[in-house]
Amino acid sequence: MRKLVKWLQENSFEANLLALLLMAVPPVLLYFAARQGALGWIYALLGLVILGNILVLFVR
Amino acid sequence: MINFLLALIPILLILVLMLGLRWGAVKASIAGYLAALLVAVLAFGSGIELLAYAHLKAQLATLDVLLIIWAAFLFYRVTDEAGAVSVLGEALPHLTADRGMQALIIGWGFASFLQGVGGFGVPVAVVAPILVGLGFPAMSAIIIPSIGSGWAVTFGSLGSSFQALMSTTGLSSTELALPAAIFLGVAAVITGLLVLHITEGWRGMLRLAPAAIVLGVVMGGIQLVVATQGPWNTAAFIGSIAGLAVSFGLARLYRGPEKHNGSLDARGLVIALTGYAILVIITLLVQMVPAIKGLLGGVVMKAQIPQLATSLGYVTEAASTKPISLLNHAGAVLLYASILAYLVYWVAGRYKKGSVQRIVTGTVKRVKSPSISILLMVSMAVVMEISGMTETLAEGLAQVAGILFPLIAPWIGALGAFMTGSNTNSNVVFGALQMRTAQLLGYSVAIILAGQTAGAGLASVLAPTKVVVGASTAGMAGKEGDVMRKLLIYTGLLLVLISILTLVGVWLTSVERI
């Protein structure tokens, strides 16, 4: 875990970019998942958005 | 009562983290967003599908905002790399060396002009670096254009916020424009005095008060005349142009300490100003020439959101998201201006080798953090709106206020602007609610809505999203809490003023009816 955090902080640009993608891409897919009523996909995609948030916290 | 307090948690959390613990906007917005999600699900009965739609809606709203911010930074980098900002900074002391007049002309008049034609963070993004270049402290460089352009927000951005108010309430400009323009006109005079106070304290404010009052009356008065008699969507734009014209004359009366500033590079100044002139011309062409507006308005991005309901019964009617017209969006206009300005500066030989790479790298570095925090702030606001938390907050405030509702109405508008970062969004979220509450309590709807939009416009500068923009352009990224704390004092004063005006307005219209 410590190694992962260190790697994220050393590569903060890539980590920030990944976090932004995790927060920005899933909402588009969420829309289609919601229209299909695919609850499993919605949970998974919302999880990715929250993962993006947590990633930012580790990077900063 | 419990729901009211629960709905307040995300906002309180952001305020405490940013103002109290001095967290940066990104970390504070993560906390606010996650808190909003939890409260929406656990206390307001928001289902997982509702959250899915909320995120898409937030995504599009964020894009609407970020397009402008990205392009504004790009425009700034294009002009800065060409040396335009420093040329302006060197040229201004030739007009006046008086620090207070510099603040009035650039931080008030020019910032209001940019608000009139652009808006959404552009005034502070463009003006703050110029003021820093002139030697203003970074904090003042952010606060001055933020407070200075507040009066021009409602009728600025070519009237988008006022249009939103009319759309959500179904009332016409004839009914709404007069009280709103009066409130904002009074605010214009006060913002000028506040700009002087920020720059030079009480002594400077008293010294230059006559100039500020003259300019405020000109800008606010012309805005009022245009809003009520002419094309209301250009009211702030025309008002600030008139103010700028008068301020050049006033600068002769306040030239400041005589000193040798070197010779003026007239050719360099003309070339530097060309970039800003291109921005103005393109904005006017795209917004005011119907043929161009129609031609560019064809590519629109929007999504249809079905009717959504929480398990507590709060219903959001089916509606399309706000259309984003990609080619005549304010961000697109800034992009066109950036490209043209680059070409002009390039032809004039203002760039050194590798300029494109420096412009792009500089832009990406500056927009990285603001992009993340804006995405999260808007997501938080949309989750709160769709789950009914925002309405719970507004209703609670109105109930608590009772007969003092006129005093509270501007603060509700301000709350919406703080959360969404936009006068327009605040009017969309709270306009109809304020109208209904005013009708129930028997108050003048036009006066209450004037308080709503004036409060929202003046407080929109306090929105974390705009604070992030200002802090990053003036080199104070990570110190957003300090900036917000300072802004809070001046914005609070302006909101108290609008509250009093709303109360007096309601009282006068009540007397009229009797």
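Refer to the preceding data block for the structure.
Parameters at a glance
Residues numbered from 1 in each chain as written. Chains lettered and ligands numbered in written order. Predicted model: local features only at pLDDT ≥ 70, side-chain atom pairs only at ≥ 80, totals over all residues. Heavy atoms only, no water. Helix = DSSP H or I, 4+ residues; strand = E, 2+ residues; numbered from the N terminus. Buried < 20%, exposed > 50% of the residue type's maximum accessible area, 1.4 Å probe, protein only. Contact = heavy atoms within 4.5 Å. Areas by Shrake-Rupley, 256 points an atom, 1.4 Å probe, with all protein chains shown as cover. Lys, Arg positive; Asp, Glu negative; His and termini not counted. Charge placed at Lys NZ, Arg CZ, Asp CG, Glu CD. Axes fitted to C-alpha atoms, helices over the stretch in contact; angles between N-to-C directions. Left-handed = near helix turned anticlockwise from the far one by under 90°. Nonpolar A, V, L, I, M, F, W, Y, C, P; charged D, E, K, R; others polar. Phe/Tyr/Trp six-rings, centres within 6.5 Å; stacked < 30°, edge-to-face > 60°. Lys NZ or Arg CZ within 6 Å of the ring centre and 35° of its normal. Expected span 1.5 Å × (residues − 1). Buried area = accessible area lost by both parts, 1.4 Å probe. Salt bridge = Lys/Arg side-chain N within 4 Å of Asp/Glu carboxyl O. Polar contact = N/O pair within 3.5 Å; in protein donor to acceptor, adjacent residues only side chain to side chain.

A.B. asks: Which parts of the structure should I look at to understand the overall build of chain B?
C.D. replies: Secondary structure assignment for chain B yields 20 helices and 6 strands. Counting only C-alpha atoms and orienting by the principal axes, one finds that chain B spans roughly 70 × 55 × 50 Å. Within chain B, buried positions represent 60% of all 514 residues. A separation of at least 24 residues holds for 79% of the contacts in chain B among residues at least 6 apart in sequence. By element, 68% of the accessible surface of chain B is carried by carbon and sulfur atoms, the whole surface being about 19,300 Å². Taking the average place of the 27 positive charges on the side chains of chain B and the average place of its 17 negative ones, the gap between the two points comes to 10 Å.

A.B. asks: What should I look at first to understand the packing of helix 11 (residues 266-288) of chain B against helix 13 (residues 330-347) of chain B in this one?
C.D. replies: Any two packed helices are characterised by how steeply their axes cross, that is the angle between the axes, and by the distance between the axes. Residues and elements named next belong to chain B. Closest axis-to-axis distance for the helix 11/helix 13 pair is 9 Å, and the angle between their directions is 145°. In this structure, the crossing between helix 11 and helix 13 has a hand that is right-handed. Contact residues: Ile271, Ala272, Thr274, Gly275, Ile278, Leu279, Ile282, Thr283 and Val286 in helix 11; Val333, Leu334, Tyr336, Ala337, Leu340, Ala341, Val344 and Tyr345 in helix 13. For the contact of helix 11 with helix 13, the class distribution of residues is 14 nonpolar, 3 polar and no charged.

A.B. asks: In this structure, what is going on with the packing of aromatic side chains? I would like to understand it.
C.D. replies: Centre distance and the angle of the planes are the two values used to describe a pair of aromatic rings. Following the criterion strictly, the structure yields 7 aromatic pairs over all chains and no others. Taking 5.5 Å as the distance between ring centres and 75° as the angle between the ring planes, the aromatic pair formed by Tyr31 of chain A and Phe32 of chain A counts as edge-to-face. Measuring from ring centre to ring centre gives 6.3 Å for Phe110 of chain B and Phe113 of chain B, while their planes differ by 15°; the resulting arrangement is stacked. Of this pair, Phe110 of chain B and Phe113 of chain B both sit in helix 5 (residues 99-117), separated by 3 residues, roughly a single helical turn. This pair shows no difference in class: Phe110 of chain B is buried, exactly as Phe113 of chain B is. Members of the aromatic cluster, each reached through a chain of ring pairs, are Tyr31 and Phe32 of chain A together with Tyr53 of chain B. The aromatic ring of Trp23 of chain B is capped on one face by Lys27 of chain B, whose charged end is 5.3 Å from the ring centroid. When the ring centre of Phe136 of chain B is taken as reference, the NZ or CZ atom of Arg99 of chain B above it lies at 4.5 Å.

A.B. asks: Whenever I open this one, helix 10 (residues 235-250) of chain B confuses me. Can you help?
C.D. replies: Note: α-helices contain 3.6 residues per turn, so residues at a spacing of three or four share the same orientation. An ideal rise of 1.5 Å per residue puts 22 Å on 16 residues; helix 10 of chain B measures up with 22 Å between its terminal C-alpha atoms. Along helix 10 of chain B, the positions that sit buried rather than exposed are Ala235, Ala236, Phe237, Gly239, Ser240, Ala242, Gly243, Leu244, Ser247 and Leu250 of chain B.

A.B. asks: Would you mind going over the interface of chain A and chain B with me for this structure?
C.D. replies: Many structure descriptions define interface size as the accessible area lost when the parts assemble. Taken together, the contact pairs 23 residues of chain A with 23 residues of chain B. Among the residues chain A hides against chain B, the three largest losses belong to Tyr31, Asn53 and Arg60 of chain A. Together they make up 25% of the total. Put simply, chain A and chain B have 0 salt bridges between them. Counting the contacts that link chain A with chain B gives 4 residue pairs in polar contact (both at pLDDT 80 or more). Those elements that provide at least two residues to the side of chain A that touches chain B are helix 2 (12-24), helix 3 (26-36) and helix 4 (39-59) of chain A. It is helix 4 of chain A that contributes the most residues to the side of chain A that touches chain B, 9 residues altogether. A class-by-class count of the residues in the side of chain A that touches chain B yields 18 nonpolar, 3 polar and 2 charged.

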